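An overview of the molecular structure
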Amino acid sequence: MSKKTLKFYIALWGAKAGSILLKLLRRNATYFPGKFALSLCPNFIDMIDKYKTIIGVTGTNGKTTVCNMIEDILKENNYQFIDNKYGSNIDSGIATTLIAGATLTGKPKKDIAVLEIDERSASKVFPYLTPTYLICTNLFRDSLMRNAHTEFIAGVLTKYIPKETKLIVNADDLICSNIAPDNEKIYFGIDRLETDTTKSNNIVRDIIVCPKCNTKLEYEYYRYHHIGKAHCPNCNFGTPEADYRASKIDIKEKNMTITLKDGTKEQYYTPNTNIINLYNILAVIVVLKQIGLTQEQINNGLKKLKVVETRYSEDEYEGVKIITHLAKGMNPIACSRAFEYAKTTDGNKIAIVLIDDLHEDAKGTENIAWQYDTDFEFLNDESIKQVIIAGPRYLDTIVRMRLADVPKEKIEYAKNEVEATAKANLEGIDKVVILHDLYSLEETERIKNKIKEMIKEKKSK
Amino acid sequence: MHKCIPDAEVIETEINQTPAFVNEKIDFIYLGPCSERGQEIIIQKLKPYKEKIEELIDNGTVFLFTGNAMEILGDSIKNEDGSKIDGLGIFHIRAKRDMMHRQNSNIIGKYEDIEIVGFKSQFTKAYGDIEDNYFMELELGMGMNENTNYEGIKKNNFIATYVIGPILILNPLFTKKIMQMLGIENPKLALEEEVTTAYEARLKEFYQKFKSEKKDKGEKKEEKK
C-alpha cells in the first residue's frame, strides 16, 4: 500500500461530496465518485486503507448471485461489511464502494468487504487491492467483443491476481481451476450426478485439448459445456481433487452433503438445486467457513435466502405458470443454460425468447456471432409447443432457430414484444417460460401482463 | 454450408491430426479464428505442409479463412513486447497484437458485385501490401489496419478475411458465390428465404444506423487527398 498523498485526500473528499450531491439529486452514484477519484488519483485504490478481510468474487457466471448470498448470510448472522451490490464491478465501482465505506481519513468503517470483481478488470483492480479470498466461480466464453476467449481472460487473471490471495476455485472447471498456478487454492466440486453424460450435449466446450501437451482431453463425464471430470491421457493434467465435495443432493428435501478432504461430512440446506446454483452455494459455504462461520450459522442464512426476482421468478395465474428466467444476451453459456431449463422443466410450454442485448443495440448493433455458440437446439423439443421471438434482432434469431431445426409452424415472431406475445396459443399450455436478457426487464413485465390478459380473456370465453 | 450441400462429407481435423488435404482431394478448406496460443500451435502443425497449401491455392481449391486464421499464412505476428512469431509466409502481411485493445467493428464491404455485411472482433491489425490481392473494399468499418479500406486476401479461390462467423449465414449472396466456386450451378441455400430477409434487413440497418460514420470516413478521405 502506498502512502496517502494530498491528491488522495482531495480525491476522497471530492468523491464523498460528489456522492452526497448525486444522492440529493437522486442520480445514480454507483460508479461516478470512484471514476472521479481514480481520474484525479490513479493510485487511489492502492492508497485507501484496506479491510481486514476482503472477499473477492470473480468468474464468468454467478458472480452477482454468489455475492448476494454471501451478503445475505453475513447479514443474517450480524456481521458488519461493505459491498458493491449497488455499484459496478469494474475499478470505478470498486473505488466508489471503498469511498462510501471509508471515514474522512480513508480508514474502513467495517471489517469485511465483499466485492464482485469483473474478470476483465483484473488488470485495473488487483495491482492495488489484495483480496484475502478470491472466489472464481467458473470461466466460460462471454462477450466476444469484450472478453475475446477464455485463454485471454484466464491469462489476465493469472497475471494480475496477487500472490498472497487465497483462491477458492471450481475444481470441475479445468480452465478456472488452473488460473494463478502459484497461489494457494481451495477447490470445490460436485460428485458425479445422475444427469451427467458421457457425451457432450453442448456446441461449445472452451477447453478441448490439454494446455500442457495439446493432447485431446478424455472426459469421464460431462456436466455442462466443459464442466465435468476430465484428464489428459498423455500427462498429469486433469480435474483436481476437491477440498470440499458436494454429494447426495436431495432435491425434495433441499439439502446436500459436503465432504471435506479429511473425511468430515456436513449437511447443508440448498434453497435451489439447479446445478449452477449448487456450485454457487458451494462456493459461498467454502468462503464463509474460511472466515469462521459455523455450519449452523451458514445453514440459518441459507434457509432465509431468496432468489433475486430479476434472475428467476414464478407466478401462477389461473392455472398457468408464468416463469421468467434470465438468459443473459451475448453470453452463450447463460443462454444455453436457460434454454436447457425451458426444455427440461415439466409440462407443455411456450418459450418466449427476448435475448437481444438492448443496451448493445442502443449503442449501434449487436454482433450476433454468439448465437452460433448457443444451444438453441434445446428449444427444439416436443414439450415446447411454441417458440415466440421478439426484439430488434428477431430476424437473426429466426434463422438460428430454424438452423436448430425448430419447425417453422412452431415459430411466431414480431419485433415488438407485446405484438409477438399476442400470437401465443395458450391451448393446453401449462407453463409460459420467458427467457429474457438483463436489459429487458420492462419488456419482460409487459410480456407477463399480456399473457395474463390473454389467459383472462380465454377463461371468460 | 453443410445444410446447403447435404451430400457433402465434412472432415473435422483436430489439432494433433494430419490435415485431410495432405493425402486426399478436398474441395473446400475452412479455418476459423483461434486463440493466440492456438495460432502458434497451428503454425507449427501446418509448417510441414506449406508447399502443399501453396499448390492447392494455385490449383484453385476453395479456401475460407476467417478471423485471425489469416495471420497463420502471413509473414509474422508481432507481440507488444517486440517478440515475433513467424507465420507460414505464403502471403506477405505482418500482424501486430495489442492485447489490451480489442478492435470491434461492423463492416460493409464490396466483393465483386456483392455487398458483404458482418462483424470484426480482434486484437490485431495487419500491415503489408495487399493492393493486388485484397478480398474486398470496405465501405464501412476498419480494413486490415486503420489506414486502409482493403480487407482480407483473395488469390484464385482462396479467401481470407478478418470478418468472423457466421459470415456465410449473414451473407447469402457470398455463400452462393462460394458454392459456385465449388462447381455447383444454380446454388440453392438452406433457409434461403429467412437468411435473405435477415441479410437485406441488416444491410439496410447498417446503412441507416452508420450512415454518418460512413460520411465522416468519406470526409476524412477527402481531406487526405
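Sequence order as written defines the numbering, with residues in each chain counted from 1. Working convention: letters from A go to chains and numbers from 1 go to ligands, in the order in which they are written. This being a predicted model, a pLDDT of at least 70 is required before a residue's local features are given, and a value of 80 or more before pairs of side-chain atoms are given or counted; all residues contribute to the totals for chains, interfaces and linings. In computing side-chain values, all of the structure's heavy atoms are included and hydrogens and water are not.

**Thoughts on the pattern of salt bridges**
- The term salt bridge refers to a side-chain nitrogen of Lys or Arg lying within 4 Å of a carboxyl oxygen of Asp or Glu. For the coordinates displayed, the defined rule picks out 43 salt bridges over all chains.
- As a salt-bridge pair, R141 of chain A and D373 of chain A come within 3.1 Å of each other at their nearest N and O atoms. Taken together, the residues span a long stretch of sequence, with R141 of chain A in the loop between strand 4 (133-136) and helix 7 (144-147) and D373 of chain A in the loop between helix 12 (358-363) and strand 15 (384-389) at a distance of 232 residues.
- The salt bridge partner of K188 of chain B is E192 of chain B, with a shortest N-O separation of 3.7 Å.
- Per-residue accessibility, obtained with a 1.4 Å probe over protein chains only, is compared with the maximum for each type, and a residue is labelled buried under 20%, exposed over 50%, and partly exposed between these values. By relative accessible area, which is 59% here, K188 of chain B ends up exposed.
- Linked through salt bridges whose partners overlap, the residues forming this network are R393 and D396 of chain A together with R202, E205 and K209 of chain B. Only DSSP runs of H or I with at least four residues qualify as helices, and only runs of E with at least two residues qualify as strands; both kinds are numbered from the N terminus onward.

**Examining the sheet that holds strand 6 (residues 185-190) of chain A**
Residues and elements named next belong to chain A.
- Between any two strands, pairing holds if DSSP finds at least two bridges. Within the open sheet, the 9 strands sit side by side as 2-3-1-4-5-6-9-10-11. Their pairing is mixed. A single partner strand is all that each edge strand has here, and the edge strands are strand 2 (81-83) and strand 11 (265-269). Between one strand and the next, the sheet's axes are offset by a mean angle of 20 degrees, whatever the strand orientation.
- Summarising the sheet, strand 4 and strand 5 (residues 166-170) pair through 4 bridges and their orientation is parallel. Bridged to Y133 within strand 5 is K166.
- Sheet strands touched by helix 4 (residues 63-76): strand 1 (53-58), strand 2, strand 3 (112-116) and strand 4. Its angle to strand 3, the strand with the most contacts, is close to 160 degrees. All axes here are fitted lines through C-alpha atoms, helices being fitted over the stretch that makes contact, and every angle between N-to-C directions spans 0 to 180 degrees. Note on definitions: a residue-residue contact is assigned when non-hydrogen atoms from the two residues lie within 4.5 Å.

**Structural notes on the domain arrangement of chain A**
All names here are of chain A.
- The split into domains, and so the bounds of each, comes from an automatic or database assignment of domains. Along its sequence, chain A is organised into domain 1 (6-302) and domain 2 (312-460).
- In this assembly, 16 residues from domain 1 lie in contact with 17 residues from domain 2.
- Summed over both partners, the accessible area (1.4 Å probe) lost when two parts come together is defined as the buried area. Carbon and sulfur atoms supply 57% of the area that domain 1 and domain 2 bury against each other, a total of about 1,300 Å² over both sides.
- The largest contributions to the domain 1 side of the interface with domain 2 come from R141, M145 and I203, which together make up 36% of the buried area.
- For the interface between domain 1 and domain 2, the tally reads 1 salt bridge.
- Every element with two or more residues in the side of domain 1 that touches domain 2 is listed here: helix 7 and helix 9 (275-290).
- Across the side of domain 1 that touches domain 2, the residue classes break down as 8 nonpolar, 6 polar and 2 charged. Classification convention: Asp, Glu, Lys, Arg as charged; Ala, Val, Leu, Ile, Met, Phe, Trp, Tyr, Cys, Pro as nonpolar; all other residues, Gly among them, as polar.

**Considering the nonpolar core**
All names here are of chain A.
- To qualify as a nonpolar core, a set must consist of buried Ala, Val, Leu, Ile, Met, Phe, Trp, Tyr and Cys residues joined through side-chain atoms within 4.5 Å. Within the largest apolar cluster, 56 residues are counted, with the highest numbers of intra-cluster contacts made by F44, L139, L157 and I179.
- With 5 residues, the top contributor of residues to this core is helix 8 (residues 150-160).
- With residues up to four places along the chain from it excluded, the contact list for L157 reads T58, E119, A122, F126, C136, L139 and I179.

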